[in-house]
Amino acid sequence: MMYQTIGFIGTGNMGSAIARAAAKSGLAETILLANRTPAKAEALAAELPGGTLSTNEEIARTAKLIFLGVKPQMMQLVLDPLEPILRKREDRFILVTMAAGLTCDRIQDMVDLDCPVIRIMPNTPSAIGAGVVQYCGQLVTVEELDAFAALLAPAGLVDPVPEGLIDAASAVSGCGPAFAYLFAEALADGGVACGLPRDKALSYAAQMLEGAARMVLETGRHP
């Protein structure tokens, strides 16, 4: 399925990572990008095929998929002025939220519409195509979810989970990289303390983590 127009409201770390994945898929003709700091969205638009600098209001009026790359505590402030625009739409659109802790029901309540919602939980390695993106949907068809998964496939592992498990899943893959980075830093620090140059120590630690992870994935053996 080819999307004519998708839009990103918020192009921070997660929003930009998911936008890059969508661009790589080749399944979106136009990618509208809006951010509180327009220069950030403008720079991303220049980088992505089909990327176009836009506004929250234009995205709300025209995008088939409206990605909400907004912090949970800011979501209501962002959605309030968009609600009348969304209410006037006669075509089908889907809100896509990546805000931690906000359920599909809560997003519908915030916008005061029974519209389709997809909830995703990406992690930072999604930016380089080695991430994990869990997703679930409400009032979304199976065909729409399949097309959505294909759109984000370049991010890495894109996996459906029941919404009741998405917080637990994101605690593993969403928070996990921070612990892996701390572990890699600690290993490198130990190597430096024993005389290794820091660049070599960090390279060894990072390569070890990648290799250990691939061993688990490729052999299927218990860690």
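Refer to the preceding data block for the structure.
My aim in this report is to walk through the structure given alongside it, one point at a time. None of these values were measured; they are calculated from a predicted model. (Residues numbered from 1 in each chain as written. Predicted model: local features only at pLDDT ≥ 70, side-chain atom pairs only at ≥ 80, totals over all residues. Heavy atoms only, no water.)

## Topic: the pattern of salt bridges
Short version of the rule: Think of a salt bridge as a Lys or Arg side-chain nitrogen and an Asp or Glu carboxyl oxygen that are within 4 Å of each other. A run of H or I in DSSP becomes a helix once it reaches four residues, and a run of E becomes a strand once it reaches two; helices and strands are each numbered from the N terminus. Only protein chains enter the area calculation, which uses a 1.4 Å probe; residues under 20% of their type maximum are buried, those over 50% are exposed, and those in between are partly exposed.
According to the stated counting rule, one finds 10 salt bridges in the structure shown. Glu144 is the partner of Lys64 in a salt bridge, and the nearest nitrogen-oxygen pair spans 3.9 Å. Here Lys64 is found in the loop between helix H3 (56-62) and strand E4 (65-68), whereas its partner Glu144 is found in helix H7 (residues 142-152), with 80 residues between them in sequence. Side by side, Lys64 and Glu144 carry an identical accessibility label, which is buried. Residue Asp189 is joined to Arg198 by a salt bridge in which the shortest nitrogen-to-oxygen separation is 2.9 Å. Through salt bridges that share partners, Lys64, Arg92 and Glu144 make up one connected network.

## Details of the packing of aromatic side chains
For clarity, the cut-off: Working definition: a ring pair exists when centres of Phe, Tyr or Trp rings (six-membered ring for Trp) sit within 6.5 Å. Plane angles under 30 degrees give stacked, over 60 give edge-to-face, the rest tilted.
Evaluated as defined, the whole model comprises three aromatic pairs. Clustering of aromatic rings is evident, with ring pairs tying together Phe8, Phe67, Tyr135 and Phe148.

## Details of the sheet that holds strand E7 (residues 131-138)
Heads up, the rule is: A pair of strands is considered paired only if DSSP assigns at least 2 bridges between the two. The axes used here are C-alpha line fits, helices contributing only the stretch in contact, and every angle between their N-to-C directions lies in the interval 0 to 180 degrees. Any two residues having at least one pair of non-hydrogen atoms within 4.5 Å are treated as being in contact.
Sheet architecture is open: eight strands sit in the order E3-E2-E1-E4-E5-E6-E7-E8, paired in mixed fashion. Edge positions in the sheet fall to strand E3 (51-53) and strand E8 (156-160), since each has one partner strand and no second. Averaged over all pairs of adjacent strands, the angle between strand axes in this sheet comes to 25 degrees, irrespective of strand direction. With six bridges joining them, strand E1 (residues 3-9) and strand E2 (residues 28-34) adopt parallel strand pairing. Looking at E2, one finds that Thr5 is bridged to Thr30. Its contacts with the sheet put helix H1 (residues 13-25) on E1, E2, E4, strand E6 (117-122) and E7, and the angle it makes with E1 is roughly 165 degrees.

## Considerations on the side chain of Arg119
The condition is simple: Counting of polar contacts relies on pairs of N or O atoms within 3.5 Å, with two restrictions inside protein: one atom must be capable of donating a hydrogen and the other of accepting it, and residues adjacent in sequence are counted only when both atoms are side-chain atoms.
With respect to the helices and strands, Arg119 occurs in strand E6. Residue Arg119 is classed as buried on the basis of its relative accessible area, which comes to 1%. Within the local environment of Arg119, its side chain forms a polar contact with the side chain of Glu163, the two groups lying 3.0 Å apart. At 2.9 Å, the side chain of Arg119 forms a polar contact with the side chain of Asp167. When neighbours within four sequence positions are excluded, Arg119 is seen to be in contact with Thr97, Gly101, Leu102, Thr103, Cys104, Gln134, Tyr135, Cys136, Glu163, Ile166 and Asp167.

## Describing unusual backbone geometry
Positioned with a positive phi, Asp112 is a non-glycine residue whose angle comes to about 55 degrees. Inspection of the secondary structure puts Asp112 in the loop between helix H6 (104-111) and E6.

## Digging into helix H8 (residues 163-173)
Applied cut-off: The directions considered for the arc are those from the helix axis to the C-beta atoms.
Buried within H8 we find Ile166, Ala169, Ser170 and Ser173. One face of H8 carries all of its buried residues, which in axial projection span an arc of 100 degrees. Opposite the packed face of H8, turned more than 90 degrees from it, sit the exposed residues Gly164 and Val172. Of the surrounding elements, those touching the buried residues of H8 are E6, E7 and helix H9 (176-193).

## Here we look at the environment of Gln108
With respect to the helices and strands, Gln108 occurs in helix H6. For the pair Gln108 and Gln138, spaced 30 residues apart in sequence, the C-alpha separation works out to 9.6 Å. A polar contact of 2.8 Å, which involves the side chain of Gln108, links it to the backbone oxygen of Cys115.

None of this, on its own, says anything about what the molecule does.
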